[in-house]
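One-letter residues, chain by chain:
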Amino acid sequence: MIVSERVCVIGAGLMGVTSAYELQSRGFDVTLIDKADHVAMGASFANGGMLTPSMADPWNAPGVGRQLLSSLNNPYSPVKLRLKALPSLIGWGLKFLKYSSPELHREQTRAAFLISQYSLERTRALREKLGLGYDAASIGTMKIFRTEKDMAGPIDQAQRLGEEAELPVQILDRAGVIAREPTLAPVAEKIHGGLYFPADECGDAHMFCKEVADAFVGAGGKLRLATDVQELRIENGHIRGLTALTPDGAIAMDCEHIIVASGALSPQFARSCGVRLPIRPAKGYSVTIEAHGLNDLPQVPVLDDLMHAAVTPLGSRLRLVGTAEFTGFDPRMRQTRIDNLFRLLEELFPDIARRIDRSQAKPWTGFRPMSADGVPFIGATPVRGFWVNTGHGQLGWTMAQGSAELLADLMTGTNPAIDATPYDVMRHTPGAAGTPPKLRPRAA
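What to know about the overall build of the chain
And then number 1: What the chain contains, in helices and strands, is eleven helices and 21 strands.
And then number 2: Relative to the compact-globule value of 22 Å for 444 residues, the chain shows a C-alpha radius of gyration of 21 Å, a close match.
And then number 3: By residue count, 57% of the 444 residues in the chain fall in the buried class.
And then number 4: Looking at the chain as shown, the accessible area adds up to about 18,200 Å², and 51% of this sits on carbon and sulfur atoms.
And then number 5: Of the side-chain charges in the chain, 47 are positive and 47 negative, and the distance between the mean point of each set is 5 Å.

Now the structure itself:
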């Protein structure tokens, strides 16, 4: 069976759904493809629920090498490196460590912040345009610290971004933290202070994806689920289409343009086109708790800097999220990582921890697509018609809509609202980038 399409988007998570919708809204024939039976069943399913330009600093902060080495013998380390993953991390890891120098880390933080800030603005605009719900709340986020020393570096970073890029931030002492989030009062003696970021938001990314996918289909977009892409077809350096397996058999799709937005799986598609993306899976965990009927719930998402984890209110639910494992694509749900998240709840909100029914909590794990320098890949490749939108790491929800609009601008030759240079797909391959053809909308 042969199907003719103009633009195919591989991956129906946050990047794929938003990219498909954005191009469809600009007048193109778009097909969105995913091997799962529903949209957003991978890393977009149960993430932290926070849109946080305030926390755009990549994970490879100065000193990360020592932290990863010390994690080898600590099952409860917030960031955990597993020995069996080391062979797959060697080349990527050298880049990861290179960009952990103070100067490079500052540059990458600023690049990640700029697209995060832009994306939050565009997410708000899309929410208003489509009347989206997704348990959205414009309530800010708060990061808390146990000691003055722990707080010094984040204050410097927040103030620098405030001066350079207008990040709003409030520096709070212990009393200020409790005034902002009274449910922390029982553990006040453990808290030195905090940073409150009033512009941050929260919401359910999975619900967002479903709502945007519905809008995409309602506007004439085509959604092909349970469709497992097997191969990309290339002729004379130009994308011609793809082959895929469906429940009804194999199909071949003719495409003039393909966008790979399949998260941590993106490198395998890019590699088939001769493009090497330095992305590795960083396995994250969450636990979702139905909190309907519980009183005195947190009013804002609270992030504990010591444990690198957070508690996020999502409508009538609480989501505990955090930890990262470099363990390849091992899908096993490790109880020690789930225990870490419940320990976070006990540390911050002991009254809530005593009242919840843990047997009804819903644990989840997914693979974040972590780029070696902590910045996503958005744009063209040397293969004409082959585009990429991936590598957003822990900030996929934050960066999604802005990344989609940036990609659509690049594909259509529109002058982007932000500089696209830091996100160039071929930035780790000097001289390899090509000049892509521009799309033209279908005739009315």
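There's plenty left to go through after this.
Some details on the pairing of strand β19 (residues 362-371)
And then number 1: Counting buried residues in β19 gives seven out of ten residues, a clear majority hidden from the surface.
And then number 2: As judged from the ten bridges shared by strand β15 (residues 279-290) and β19, these two strands associate in the antiparallel manner. Among the inter-strand pairings, Arg 280 is bridged to a residue of β19, identified as Met 370.

Thoughts on the nonpolar core
And then number 1: Core analysis: the biggest nonpolar cluster contains 62 residues, and Val 9, Leu 14, Leu 23, Val 30, Phe 208, Ile 259 and Tyr 423 have the highest contact counts within it.
And then number 2: Formed by 34 residues, the second largest nonpolar core is a distinct cluster that contains Leu 172, Ala 188, Met 307 and Ile 356.

Quick look at the environment of Glu 148
And then number 1: With respect to the element layout, Glu 148 can be found in helix α5 (residues 148-165).
And then number 2: In this structure, the C-alpha to C-alpha distance between Glu 148 and Gly 193, residues 45 residues apart in sequence, is 7.7 Å.

Brief notes about the sheet that holds strand β3 (residues 30-33)
And then number 1: Taken in spatial order, the six strands line up as β10-β3-β2-β14-β21-β20 in an open sheet, and their pairing is mixed. On the outer flanks of this sheet lie β10 (222-224) and β20 (377-380), each paired with one strand and no other. On average, each strand axis in the sheet is inclined to that of its neighbour by 20°, with strand direction left out of account.
And then number 2: In the sheet, β3 pairs with β10 via three bridges, with the strands oriented parallel. In the strand pairing of β10, Thr 31 is matched with Lys 222.
And then number 3: Packed onto the sheet, helix α1 (residues 14-25) meets β2 (7-10), β3, β14 (257-260) and β21 (386-390) and runs at close to 170° relative to β3.

Re the confidence of the model for the chain
Interpreting fine coordinate detail is not advised for predicted regions of low pLDDT.
And then number 1: On average, residues of the chain score 92 in pLDDT, and 95% of them reach the 70 mark or higher.
And then number 2: Note on residues 433-437: pLDDT is under 50 here. Beyond four places in sequence and across chains, it has eleven contacts.

Side note on the pattern of salt bridges
And then number 1: What the rule picks out here adds up to 21 salt bridges.
And then number 2: A salt bridge links Asp 254 to Arg 233; the shortest N-O distance between them is 2.6 Å. In this pair, Asp 254 sits in strand β13 (residues 249-254) while Arg 233 sits in strand β11 (residues 228-235), placing the two residues 21 residues apart along the sequence.
And then number 3: Classification of Asp 254 by relative accessible area gives partly exposed; the value is 29%.
And then number 4: Ionic pairing is found between Arg 354 and Asp 351, a salt bridge with its closest N-O pair at 2.3 Å.

Examining the packing of helix α4 (residues 102-130) against α5
And then number 1: Two numbers describe how α4 lies on α5: the axes approach to 11 Å, and their chain directions differ by 60°. Relative to α5, the element α4 is oriented oblique. For the element pair α4 and α5, the recorded crossing hand is right-handed. Residue-level inspection shows Arg 106, Thr 109, Arg 110, Phe 113, Leu 114 and Gln 117 of α4 in contact with α5, the latter providing Gln 157, Arg 160, Leu 161, Glu 164 and Ala 165.
And then number 2: Tallied by class, the residues present in the contact of α4 with α5 amount to four nonpolar, three polar and four charged.

A closer look at the side chain of Ser 371
And then number 1: Mapped onto the elements of the fold, Ser 371 is located in strand β19.
And then number 2: By relative accessible area, Ser 371 is classed as buried at 1%.
And then number 3: A polar atom in the side chain of Ser 371 sits 2.8 Å from the backbone oxygen of Val 375.
And then number 4: Sequence-distant contacts of Ser 371, defined by excluding residues within four places in its chain, comprise Trp 92, Pro 278, Ile 279, Phe 377, Gly 391 and Arg 427.

Points about the environment of Thr 109
And then number 1: For Thr 109, the position within the fold is in helix α4.
And then number 2: For Thr 109, a relative accessible area of 2% puts it in the buried group.
And then number 3: Beyond its immediate stretch of four places on either side in the chain, Thr 109 contacts Ala 56, Asp 57, Pro 58, Gln 157 and Leu 161.

Description of the packing of aromatic side chains
And then number 1: Summed over all chains, the structure comprises seven aromatic pairs.
And then number 2: Ring geometry for Trp 92 against Phe 96: centres 4.7 Å apart, planes inclined by 20°, an arrangement best described as stacked. Of this pair, Trp 92 and Phe 96 both sit in helix α3 (residues 86-98), separated by four residues, roughly a single helical turn. Of the two residues, Trp 92 and Phe 96, both sit in the buried class.
And then number 3: Chaining the aromatic ring pairs together yields one cluster made of Trp 92, Phe 96 and Phe 326.
And then number 4: Sitting above the plane of the Tyr 196 ring, Arg 180 keeps its charged end 4.0 Å from the centroid.

Concerning the side chain of Asp 373
And then number 1: Take Asp 373: it is sitting in the loop between β19 and β20.
And then number 2: One polar contact links Asp 373 to His 428, side chain to side chain, over a distance of 3.2 Å.
And then number 3: Filtering out sequence-adjacent residues up to four positions away, Asp 373 remains in contact with Pro 58, Asn 60, Tyr 99, Gln 108, Arg 427 and His 428.

Rules used throughout
Residues numbered from 1 in each chain as written. Predicted model: local features only at pLDDT ≥ 70, side-chain atom pairs only at ≥ 80, totals over all residues. Heavy atoms only, no water. Helix = DSSP H or I, 4+ residues; strand = E, 2+ residues; numbered from the N terminus. Rg over C-alpha atoms; globule rule 2.2 N^0.38 Å. Buried < 20%, exposed > 50% of the residue type's maximum accessible area, 1.4 Å probe, protein only. Areas by Shrake-Rupley, 256 points an atom, 1.4 Å probe, with all protein chains shown as cover. Lys, Arg positive; Asp, Glu negative; His and termini not counted. Charge placed at Lys NZ, Arg CZ, Asp CG, Glu CD. Pairing = 2+ DSSP bridges. Core = buried A, V, L, I, M, F, W, Y, C linked by side-chain atoms within 4.5 Å. Axes fitted to C-alpha atoms, helices over the stretch in contact; angles between N-to-C directions. Contact = heavy atoms within 4.5 Å. pLDDT = per-residue confidence, 0-100. Salt bridge = Lys/Arg side-chain N within 4 Å of Asp/Glu carboxyl O. Parallel < 35°, antiparallel > 145°, perpendicular 65-115°, else oblique. Left-handed = near helix turned anticlockwise from the far one by under 90°. Nonpolar A, V, L, I, M, F, W, Y, C, P; charged D, E, K, R; others polar. Polar contact = N/O pair within 3.5 Å; in protein donor to acceptor, adjacent residues only side chain to side chain. Phe/Tyr/Trp six-rings, centres within 6.5 Å; stacked < 30°, edge-to-face > 60°. Lys NZ or Arg CZ within 6 Å of the ring centre and 35° of its normal.

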